[in-house]
Structure formats: C-alpha cells, structure tokens
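# Examining the three-dimensional arrangement
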Amino acid sequence: MATFPIEAVRGKFPALSLTDEGRRRIYLDNPAGTQVSQTVADAVSFCLITTNANLGGFFETTLAAQKVVDDAHLAMADFLGAASPQEIIIGANMTTLTYHMSRTLGRGFDPGDEIIVTRMDHEGNVSPWLQLAEDLGLVVRFLPFDEQSWQIEEAALEALLSERTRLVALNYASNLTGSINRVKSLTETARQAGALVYVDAVQFAPHGLIDVQALGCDFLVCSAYKFFGPHMGILWGRRDVIDALEPYKCRCSSNGLPERFELGTPQIELMAGLTAAVDYFADLGAAAGEGGSRRQRIARAFDVSTAYENGLALKLISGLSNIEGLTIRGITDPARMGERVPTVSFTVDGIAPETIVRQMNAEGIFLWSGHSYAWEIVHQLGIPAEQGVVRIGVAHYNTAAEIDETLESVHRIIAMLRQQRS
Ligand SMILES: Cc1ncc(COP(=O)(O)O)c(C=O)c1O
C-alpha cells in the first residue's frame, strides 16, 4: 500500500500553517469540525462570485447554479456508494435532517409502535426520535453498549426487537468513545425483525469508506464539516423507502427526488464546497494509485488515510496509558485499532476535564471537554454530564510530532495540577 503523503496533505490546508502571536496551532478538535482545503474555500468563493442565483430559471447563472447542485448530489452519491444521486438529500446539518426525516417517518407510525435508540449515540440521533415517540405514543427502547467491547452487540439488539419495532437508530462511530459499530450485521438483525435502520455516520465519514449498499441500512446521515467540507448535512435514503414517503413541504414545491425532501432555497455555495471536499478525497486517492472512477479513488484515499490514522491513534493511546489515574473511555487494545476512529476520550481522577483542556488550549492545542452531546454515554458510564471527558480527536492531517507534543502537554499539565493540589 502507498504511504500517506502527510506533507502534501498538510500543504492543501491553509489553516494548518496559521499561527497565533507566533505560536503554532495543533487542531485536535476534529470530531467537532475539521479544517478545509484551499480547494473547498475556493469553490465556495467562486460559486458566490460567478454563479450566485436561485434555481429554476433560464439565464446563465441560474443554469450554472443548478449544475452546482446536481454536481454535489453526484459527488455525495460517489462518496457514500449510493445507487443514484436522487437518493442524496442535502440540508443544513445532520440534526436538522434527522428531525425532518423523523417527522416524515412518523406519519406512518401508530401509537404502540416501538423504536430503538442507543446509549451510544449523539443526541442528534436520539432526541428527534424520543420527541417523535412522545408526540405519537410510541414505545422507546434503549439499546446499551457493551462496556467491555465498547460496541453495540447484536445479542443486545436482538433482545429488544419485536414485531412492533418500526425503526432502529444507531451510530456507525461514537463521537466520544470512538468505537465503530458493526453496522452491517446490526442492520441485518434489525431488518430481519422488519425494522427500518437509520445510521448516524457523522463520526465515521472522515475516517473510513462508507458503502450504503453493502451496509444494507435504510438511511445514513453525515455532516460535511466533519470530513473537510463546509457546514452542511447529507442524508442518504434508500430509493424504495424514500419513494414511498410524503415529507412535510410546501404544496407548490417539487415532488421529485430529492427535491421533495430539500426544503426552500439550498445552500448552493456550500454545495460547491461539498463537491470540492469529495474531490479532495478523490485527489488523495489519485496520488495513491493509478486511474479508477471517483468512487474507486475515494476508496484508495481511505486505504492510506485509515492506516495512517490508526498509527496516530495507537501512539496517542499508548502515550496516555501510562498516566496514573487516567482512564481512556474506549477501545485501547492495540490489536483493535481498526474497530475505532482516532477519537480518544479520557477522564483523570480528581481533575475536571475543563481544567486540563483550558490549559492545553492556552498552549495552542485545540481540543474539547464536556459530554459533546454524547449524553447517553456519559450517563451509562456514570460520568457527571456537566464535566464529561477530555476529547482528543485526530484527523488525517495531524502528525506524529503533534501527538508527541500533545502527550507532553497532557503529562506536564496533569503533573502540575496534582502538584498544585498537594
Ligand atoms: C456522531 C454525531 N452525530 C450527530 C452530530 C450532529 O451533527 P450536526 O452538527 O451536523 O447536526 C454530531 C456532531 O458533532 C456527531 O458527532
């Protein structure tokens, strides 16, 4: 396999070389949002300057704007392995799309129907379903994750399914523990019971190739700003399922696909950036091997970037593991790096996560503390929600040297805080 061209990659992201009063930045806030390549920023700007019009007319700019929109749907079909761009619904963000789709699906649910949500999901894939259940009188079942494997186990799902289960909402990868779920096999289990499967792939999308057809799920949602694109969300829906749905929409707006689900004027300039983000992956794949379709080049990009990221995750986890009183909340077994994304969360006995994070932020290491909307996870683990965890989130533009510097900072700050207390 080709090695990962880290220097060339970093050269594509202008934000990586910015400094604050001479101090370098280390971006480890990636699970909350990634930086963008120059090509993404240029595409947004170019669209605003050259093709700034609404859709549906006959003049130059409206026709060009329509092409931007069509290209974004095609790009996302390639990115997700969708059968057609008509299955791609683009909107404000994952949460808005999920609220919208949950209301649409709810039109076909009856009181007493059951839905399953997990204790591992971000609130964006929990709250919309809980509130739908409240409105419609649905029964909600909570699916816990296994605290040994850090994953959702098929047996636990099976135990909750019944002939009344209409939908299972689960995540591909956790934004707190980093664990990747076996979505294909969980989907098979759910579908055998006749349930629809709605997958939150927001945290998986920057780290691995998604193939919606191979997964077999009914819906999959992700957010472009987590995979080096602009702030927007994308929902894939299986054609035969969305064909039959009647979303809330204006009476006079199109009944076509995907327009039926895309309300109002789209974020056209961001769609230009979205295509550029997908093409960024394709270019990375082109550098890693000859030829192939855009989809094949994207796959090659993930071959090299996932292997590179797993190396950084391992380095980070082993460097944290020797700090006394520090507990990593997720998979740490070196043999299981392929079952997690490089998002590593931890708590430290007697020290509030925010105290550590504020010190690190002051040193130009950007990362987060808190529950990060993984509200169910902190509750299942008995972590005070107002404190949460320290979360270090690696992206493929991070380097081994940045991980070393981060580890040195974590070690030193924890030692300093302990000394201050004693
Ligand atoms: C796993 C996961 N799901 C959903 C969301 C919500 O995404 P959005 O901000 O696009 O609504 C996030 C955001 O961090 C997330 O990490």
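Here is what the cut-offs are and how they apply
In every chain, residue numbers begin from 1 and rise along the written sequence. Confidence filtering applies because this is a predicted model: local features only for residues at pLDDT of at least 70, side-chain atom pairs given and counted only at 80 or more, and all residues used for totals across whole chains, interfaces and linings. Secondary structure is summarised from DSSP: a helix means a run of H or I of at least four residues, a strand means a run of E of at least two, and numbering begins at the N terminus for each. What the globule rule says is 2.2 Å times the number of residues to the power 0.38, and the radius of gyration is computed from C-alpha atoms. Buried, partly exposed and exposed are defined by the number of other C-beta atoms within 10 Å of a residue's own C-beta, namely 20 or more, between the two limits, and 12 or fewer respectively, with C-beta atoms placed from the backbone. DSSP-based pairing: two strands are paired if at least 2 bridges between them are found. A helix is expected to reach a length of 1.5 Å times the quantity of its residues less one. Each residue gets a C-beta atom placed from its backbone. Should that atom fall within 6 Å of a molecule or strand, the residue is termed near it. Following the grouping adopted for this structure description, the nonpolar residues are Ala, Val, Leu, Ile, Met, Phe, Trp, Tyr, Cys and Pro, the charged ones are Asp, Glu, Lys and Arg, and the polar ones are all others, Gly among them. Here, a nonpolar core denotes buried Ala, Val, Leu, Ile, Met, Phe, Trp, Tyr and Cys residues that are linked to one another through C-beta atoms within 7 Å. An automatic or database domain assignment supplies the start and end points of every domain. Think of it this way: build a C-beta for each residue from its backbone, and any pair within 7 Å is a contact. The convention used is that axes are lines fitted to C-alpha atoms, helices contributing only their stretch in contact, and that angles between N-to-C directions extend from 0 to 180 degrees. An angle below 35 degrees is read as roughly parallel, one above 145 as roughly antiparallel, one from 65 to 115 as roughly perpendicular, and any other as oblique. Working rule for handedness: look at the near helix, and if it is turned counterclockwise from the far one by less than a right angle, call the crossing left-handed; if clockwise, right-handed. Arc definition: it is the arc formed by the directions from the helix axis to the C-beta atoms.

## Overview of the overall build of the chain
Helix and strand content of the chain: 14 helices and 15 strands. For the chain, whose C-alpha radius of gyration is 22 Å, the value lies close to the compact-globule estimate of 22 Å for 422 residues. Along the three orthogonal principal directions, the C-alpha set of the chain runs to about 70 × 50 × 35 Å. Taking all 422 residues of the chain together, the buried fraction comes to 48%.

## Considering the pairing of strand E5 (residues 114–118)
Counting buried residues in E5 gives five out of five residues, a clear majority hidden from the surface. Neither face of E5 is open: one carries Glu114, Ile116 and Thr118, the other Ile115 and Val117, and all of them are buried. Judged from the five bridges that link them, E5 and strand E6 (residues 139–143) form a sheet pairing that is parallel. Considered in E6, the bridge of Glu114 is made with Val139.

## Some words on helix H10 (residues 268–287)
An ideal rise of 1.5 Å per residue puts 28 Å on 20 residues; H10 measures up with 29 Å between its terminal C-alpha atoms. Counting buried positions along H10 yields 17 of 20 residues, so the element is predominantly enclosed.

## Here's the deal with the site of the ligand
Close to the ligand lie 15 residues; Asn93, Thr95, His122, Asn175 and Ser223 are nearest. Taken together, the residues of the shell around the ligand break down into four nonpolar, ten polar and one charged.

## Structural notes on the nonpolar core
Nonpolar side chains in soluble globular proteins tend to end up buried together. Counting residues in hydrophobic clusters, the biggest one holds 129 residues, and the most contacted among them are Met76, Val199, Ala201, Leu220, Val221 and Leu274. Residue contributions to this core reach at least three from each of two domains, namely domain 1 (6–36 + 294–421) and domain 2 (41–277). Look past the residues within four positions of Val199 in its chain and what remains in contact with it is Leu170, Tyr172, Val183, Leu215, Cys217, Phe219 and Leu220.

## Section: the sheet that holds strand E12 (residues 343–348)
Strands sit in the order E11-E12-E15-E14 across an open sheet of four strands; the sheet is antiparallel. Across the chains shown, the open sheet's two edge strands, defined by having one partner strand only, are strand E11 (326–328) and strand E14 (368–370). Each strand axis lies, on average, 30 degrees off the axis of its neighbour in the sheet, ignoring direction. Across the sheet, helix H11 (residues 294–321) lies against E11, E12 and strand E15 (389–393), angled at about 10 degrees from E12, the strand it touches most.

## Remarks on the pairing of E12
The buried count for E12 comes to six of six residues, which makes it a mostly enclosed element. Here E12 shows no split at all, with Thr343, Ser345 and Thr347 on one side and Val344, Phe346 and Val348 on the other all buried. Looking at chain direction, E11 and E12 are connected through three bridges and run antiparallel. Across the sheet, residue Leu326 finds its bridge partner in E12, namely Val348. One ladder, built from four bridges, connects E12 with E15; its direction is antiparallel.

## Some remarks on the environment of Gly289
Summarising the element assignment, Gly289 is placed in the loop between H10 and H11. Considering only alpha carbons, one finds Gly289 and Leu170, 119 residues apart in sequence, at a separation of 34 Å. Not counting residues up to four positions away in its chain, the partners in contact with Gly289 are Ala2 and Arg300.

## Observations concerning the packing of H11 against helix H14 (residues 400–421)
Contact pair H11 / H14: the axes reach a minimum separation of 10 Å and the direction vectors enclose 15 degrees. One element, H11, and the other, H14, form an angle in the roughly parallel class. Between H11 and H14 the crossing geometry is right-handed. Contact residues: H11 offers Leu312, Lys315, Leu316, Gly319 and Leu320, while H14 offers Ala400, Ile403, Leu407 and Val410. Looking at side-chain class alone, the contact of H11 with H14 contains seven nonpolar, one polar and one charged residues.

## With respect to the sheet that holds strand E9 (residues 219–223)
Across the sheet, which stays open at both edges, the seven strands sit in the order E4-E10-E9-E8-E7-E5-E6 with mixed pairing between neighbours. The two strands at the open ends of the sheet, each matched to only one other strand, are strand E4 (88–91) and E6. Recorded for the sheet is a direction-independent mean angle of 20 degrees between the axes of neighbouring strands. Two strands pair when backbone bridges link them, and E4 and strand E10 (residues 233–237) are joined in this way by four bridges, in the antiparallel orientation. From the neighbouring strand, Ile88 faces E10, where its bridge partner is Trp236. On the sheet, helix H4 (residues 94–106) packs against E4, strand E7 (165–171), strand E8 (196–200), E9 and E10 and is oriented at approximately 155 degrees with respect to E9. The strands touched by helix H5 (residues 127–136) within the sheet are E5, E6 and E7, with E5 carrying the most contacts at an inclination of about 155 degrees.

## Topic: helix H2 (residues 38–50)
With 13 residues, H2 should reach 18 Å at 1.5 Å per residue; the first-to-last C-alpha distance of 18 Å fits that figure. Taken residue by residue, H2 has Val40, Ala43, Val44 and Cys47 as its buried positions. Burial along H2 is one-sided: seen end-on, the buried residues are contained in an arc of 95 degrees.

## Side note on the packing of H10 against H11
It is the contact of H10 with H11, at a shortest axis distance of 7 Å, that shows an interaxial angle of 75 degrees. Between H10 and H11, the angle falls in the class roughly perpendicular. In this structure, H10 uses Phe281, Ala282, Leu284, Gly285 and Ala286 to contact H11, whose residues at the interface are Arg294, Arg297, Ile298, Ala299, Arg300, Ala301 and Ser305. Residue composition of the contact of H10 with H11, grouped by class: seven nonpolar, two polar and three charged.

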